[in-house]
Amino acid sequence: QWMYLATQNGTVDELYETYFEKQSCPLGRTGADCELPCDPNNGNDVGGICVCRSVRYQGVDCSEIVPEETHLIPVALKGLAYGLLGVSAIIMIGCVVWLYLYRH
């Protein structure tokens, strides 16, 4: 009976809004009291923390673009890869020549 009365007069709704409903910040804000900036295009407010939507962005407010690292492969590894490519090309040409010479 008390549950019915609490539902009728809105007490349950008030308790839910106060203690259980997730408080969301407006777009572009984050933090416990929505006092911190969060880039609206690159980040989301998740529990008071600005979480970047992509790994392309970093920083507290997800406004900094991560520089693209294009030189991740060491020079020695590139040299080894090209060397092995050359060796396999020579072996392939040798097999073609051998097949041509001994085709009968």
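Everything numeric here is computed off the predicted structure, so don't read it as measured data.

**Re the overall build of the protein**
Then, number 1: Assigned secondary structure in the protein consists of three helices and six strands.
Then, number 2: Going from the N terminus to the C terminus, the protein shows its helices and strands as α-α-β-β-β-β-β-β-α.
Then, number 3: When each of the 104 residues of the protein is scored for burial, the buried share is 13%.
Then, number 4: Contacts in the protein between residues far apart in sequence, at least 24 positions, make up 3% of those at least 6 positions apart.
Then, number 5: Taken as a whole, the protein presents about 9100 Å² of accessible surface, with 64% of it coming from carbon and sulfur.

**Section: the pairing of strand 4 (residues 49–52)**
Then, number 1: Looking at chain direction, strand 3 (residues 43–46) and strand 4 are connected through four bridges and run antiparallel. If you follow Val46 over to strand 4, its bridge partner there is Ile49.
Then, number 2: With antiparallel pairing between neighbouring strands as the criterion, strand 3 and strand 4 make up a hairpin whose turn holds two residues, including Gly47 at a positive phi of roughly 65°.

**Section: the environment of Thr30**
Then, number 1: Examined against the element boundaries, Thr30 turns out to sit in strand 1 (residues 29–30).
Then, number 2: Its relative accessible area of 2% is what places Thr30 among the buried residues.
Then, number 3: In sequence terms Thr30 and Ile49 are 19 residues apart; their C-alpha atoms lie 6.1 Å from each other.
Then, number 4: Beyond its immediate chain neighbours, meaning those up to four positions away, Thr30 contacts Cys25, Glu35, Leu36, Pro37, Cys38, Asp45, Gly48, Ile49 and Cys50.
Then, number 5: Engagement of the side chain of Thr30 in a polar contact is seen with the side chain of Asp45, the distance being 2.6 Å.

**Examining the state of the cysteines**
By definition, a disulfide links the sulfur atoms of two cysteines through a covalent bond.
Then, number 1: This model, assessed by the stated rule, comprises two disulfides.
Then, number 2: Each sulfur in the disulfide pair Cys52 and Cys62 lies 2.1 Å from the other. Given an S-S torsion of about -100°, the disulfide between Cys52 and Cys62 has left-handed geometry. With Cys52 in strand 4 and Cys62 in the loop between strand 5 (57–58) and strand 6 (64–65), the pair connects residues that are 10 residues apart, well separated along the chain.
Then, number 3: Judged by relative accessible area, which is 24%, Cys52 ranks as partly exposed.
Then, number 4: The exposure class assigned to Cys62 is buried, which follows from its relative accessible area of 0%.

The rules behind these values
- Every residue gets a number counted from 1 within its own chain, in the order that chain's sequence is written.
- Residues qualify for local features only when their pLDDT is at least 70, as the model is predicted, and side-chain atom pairs are given and counted only at 80 or more; totals for whole chains, interfaces and linings, by contrast, use all residues.
- Heavy atoms throughout the structure, all of them, feed into the side-chain values; hydrogens and water do not.
- A run of H or I in DSSP becomes a helix once it reaches four residues, and a run of E becomes a strand once it reaches two; helices and strands are each numbered from the N terminus.
- Burial classification: accessible surface area is computed with a 1.4 Å probe over protein chains only, and a residue below 20% of its type maximum counts as buried, one above 50% as exposed, and the rest as partly exposed.
- The contact criterion used is simple: two residues touch if any of their non-hydrogen atoms lie within 4.5 Å.
- Every accessible area reported is derived by Shrake-Rupley at a probe size of 1.4 Å, with residue values counting cover from the shown protein chains alone.
- Strand pairing follows a simple DSSP-based rule, namely that at least 2 bridges must link the two strands.
- Polar contact is defined as a pair of N or O atoms within 3.5 Å, subject to the rule that within protein one atom must be able to donate a hydrogen and the other to accept it, and that residues adjacent in sequence are counted only when both atoms are side-chain atoms.
- Note that a disulfide, as used here, is simply two cysteine sulfur atoms within 2.5 Å.

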